[in-house]
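So you can see what is in the structure, the chains are spelled out below.
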Amino acid sequence: GISRHFRRMTRDDREFSIVVFGATGDAGRAVCRYLATKQGARPVKWAVAGRSKAKLETLVSSLGGSSAPSVLLADACDASSLLRIAERATLVFSAVGPYSRLGEPMVKACLVARTHWADITGEVFWVGEMEAKHGEAAAAAGVTLTSLCGYDSVPCELSLHVARKALKLGARHSELLDAEAVTQLNVPEGGGAPAGTLLTVLTALGSNALGLAKGYAAFARSNDESAALWPVLRSMLGSLSLGWSPQAGCFTLAHFMFWCNVPVVHRSFGARGANPLRFRDREQLPMPAAWWNLWHLLPALGLYAAIGLALPLFYLAALLPPLRAAAERRLAAYSYQGDASSSFAVLTRASCGKRAVDVTFACPGDPGIYGTALLAAECSLGLVDATRRGALAPGFTTPAIALGDALVDRLRAAGCTIEAKATQP
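Residues numbered from 1 in each chain as written. Predicted model: local features only at pLDDT ≥ 70, side-chain atom pairs only at ≥ 80, totals over all residues. Heavy atoms only, no water.

Turning our attention to the pattern of salt bridges. Inspection of the entire model under this criterion finds 12 salt bridges. A salt bridge links Glu378 to Arg410, with the nearest nitrogen and oxygen atoms 2.9 Å apart. A residue pair is termed long-range when its members are at least 10 positions apart, and Glu378 in helix H14 (residues 367-388) and Arg410 in helix H16 (residues 405-413) qualify at 32 residues. Glu378 sits in the buried class, given a relative accessible area of 6%. Each of Asp178, Glu180, Arg278, Arg280 and Arg282 takes part in one network of salt bridges that share partners. (Salt bridge = Lys/Arg side-chain N within 4 Å of Asp/Glu carboxyl O. Helix = DSSP H or I, 4+ residues; strand = E, 2+ residues; numbered from the N terminus. Buried < 20%, exposed > 50% of the residue type's maximum accessible area, 1.4 Å probe, protein only.)

Pasting the structure below:
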């Protein structure tokens, strides 16, 4: 197995603190822009990695800033090239997706090289599969693999971390914590979806349903085979209905990534010994100001009808090989650069007995590119700092479990608003 071939290099010997693998994709470029310009007076030494030297050099020349990266070549299908870059890094941040198709070879390289890993996957089923296969090897190697470091699922996970602390819930907490998170988007330019996200959805829809379910259950149980899945399923079902949010003052529906955020929040909350939990992940229902006027409501209804028609077509494309190949070709040519003028906020109300708290998590940038880049880069920098302090626990984990309050402080310093205040339950 992997554990018999660990390299005996300490992380103090590493040439680079962070290697960004998949640096020329939409999300990878955004993370590189952030690391090049936002690190402050004491930047870490870092590198970009990918298949095309020309594209990487073009990226580096476009970055500016005071922290220029080195260029490394590696291919997700070439294990020896992955090991070479993993051996030179304290942490590999991977933006190469879909992770269920391309992620495992670099995970294996990091385990052999004793190198930490971070990613921005939303594929919780893949994380569960990787933990089931490589969790023991990661613990033996002292390697920390931190997934879900972007919009999926830092805002929700960290909001519940802050709420738990504000309510002073300890390890022996036995009362039910009821929480609802409502995401509000401010996207003046109309927004868009990263190509990697669309390709991930296409890949998941065309995958073996039983395999996805097994990975999902493995993640939700967090290696505890006796853990009940019902609380997670209850939270997912509770996220689905149309409703009204008192804390956000708007109508809400299920957040489009609730299927990812709900198990992450349950896992993170349970890791602190604070159970049980009922959590609903929702987003503001886009409505015109005069929603009661049918003429103003028609555009919103048209949007929902178009989404409803598009989803079956997308699923059909995932199942039929000719349509799937055509869709993948279109996505290969598609690029979404993000919108720095956008922002998003997650408003969470958590109540336990007679106590309640409202948590606001606001982040600049669109969720898919600029916001995710900020969150992922700060998670990666925080993991490197925790490595220096000897404060990382090995194994598969999530950002709030791995970094906790240190990540809250980093994100506040980076321009995010993270606040908690007492309210009426």
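Picking up after the structure, the text goes on.
Bringing the nonpolar core into the picture now. Counting 114 residues, the largest nonpolar core has Phe21, Phe93 and Leu411 as the members making the most contacts within it. With sequence-adjacent residues up to four places away left out, Leu411 is seen in contact with Val154, Leu158, Phe361, Leu374, Leu375, Glu378, Cys416 and Ile418. The next biggest cluster of nonpolar side chains, apart from the first, holds five residues, and it includes Ala248, Cys250, Ala345 and Leu347. (Core = buried A, V, L, I, M, F, W, Y, C linked by side-chain atoms within 4.5 Å. Contact = heavy atoms within 4.5 Å.)

Another aspect to go through is unusual backbone geometry. Put simply, Gly97 and Pro98 share a cis peptide bond, and its omega is 0°. Topologically, Pro98 is positioned in the loop between strand S4 (89-94) and helix H4 (99-102). Cis geometry marks the peptide bond from Asp152 to Ser153; its omega dihedral reads 10°. Despite not being glycine, Leu148 has its phi angle at roughly 65°, a positive value. Inspection of the secondary structure assignment puts Leu148 in the loop between strand S6 (144-146) and helix H7 (154-166). Looking at Leu148, the relative accessible area reads 0%, which means it is buried. Located in the positive-phi region is Lys168, a residue other than glycine, with phi close to 55°. By the secondary structure assignment, Lys168 is in the loop between H7 and strand S7 (177-186).

Attention now goes to the state of the cysteines. All told, the structure shown has zero disulfides when counted by the stated rule. Unpaired in terms of disulfides, Cys379 finds its nearest cysteine sulfur in Cys149, a separation of 4.4 Å. By relative accessible area, Cys379 is classed as buried at 1%. (Disulfide = S-S within 2.5 Å.)

Following the criterion strictly, the structure yields two cavities of 30 Å³ or more and no others. Residue lining of the largest cavity: Glu157, Leu160, His161, Arg164, Val265, Ser268, Phe269 and Arg272, and that is the complete set. Of all the secondary structure elements, the ones that give two or more residues to the lining of the largest cavity are H7 and helix H11 (258-271). Among the elements that take part in the lining of the largest cavity, H7 stands out by supplying four residues, more than any other. Forming the walls of the second largest cavity are Tyr151, Pro155, Cys156, Thr183, His255, Asn261 and Val346. Of the residues that constitute the lining of the second largest cavity, the class distribution is four nonpolar, three polar and no charged. (1 Å grid on protein atoms, 1.4 Å probe; cavity = no way out; pocket = protein on both sides within 12 Å on 5 of 7 lines; lining within 4 Å. Points joined across faces, edges and corners; volume = space filled by probe spheres on them. Nonpolar A, V, L, I, M, F, W, Y, C, P; charged D, E, K, R; others polar.)

Okay, the packing of aromatic side chains next. This model, assessed by the stated rule, comprises five aromatic pairs. Between the aromatic rings of Tyr99 and Trp126, the centroid separation amounts to 5.6 Å while the plane-to-plane angle is 40°, which identifies the pairing as tilted. Taken together, the residues span a long stretch of sequence, with Tyr99 in helix H4 and Trp126 in helix H6 (residues 124-141) at a distance of 27 residues. Here Tyr99 and Trp126 have matching classes, each one buried. Taken together, a centroid distance of 5.1 Å and an interplanar angle of 75° make the contact between Trp244 and Phe251 edge-to-face. By relative accessible area, Phe251 is classed as partly exposed at 28%. (Phe/Tyr/Trp six-rings, centres within 6.5 Å; stacked < 30°, edge-to-face > 60°.)

A word on the sheet that holds strand S3 (residues 70-73). With parallel pairing, seven strands are arranged side by side in an open sheet as S3-S2-S1-S4-S5-S6-S13. The open sheet has two edge strands with one neighbour each: S3 and strand S13 (395-397). Looking at each pair of strands side by side, their axes are set apart by 20° on average, direction ignored. Direction of pairing for strand S1 (residues 16-21) relative to strand S2 (residues 46-50): parallel, over a ladder of four bridges. Across the sheet, the residue bridging to Ile18 is Trp46, located in S2. (Pairing = 2+ DSSP bridges. Axes fitted to C-alpha atoms, helices over the stretch in contact; angles between N-to-C directions.)

This part takes up the environment of Phe269. Considering the arrangement of structural elements, one finds Phe269 in helix H11. Once the C-alpha coordinates of Phe269 and Leu158 are considered, the two residues, 111 residues apart in sequence, prove to be 9.9 Å apart.

Bringing the confidence of the model for the protein into the picture now. Per-residue pLDDT for the protein has a mean of 87; in total, 87% of the residues score no lower than 70. Within the model, pLDDT remains below 50 along residues 1-5, and this stretch shows five contacts once partners closer than five positions in the same chain are excluded. (pLDDT = per-residue confidence, 0-100.)

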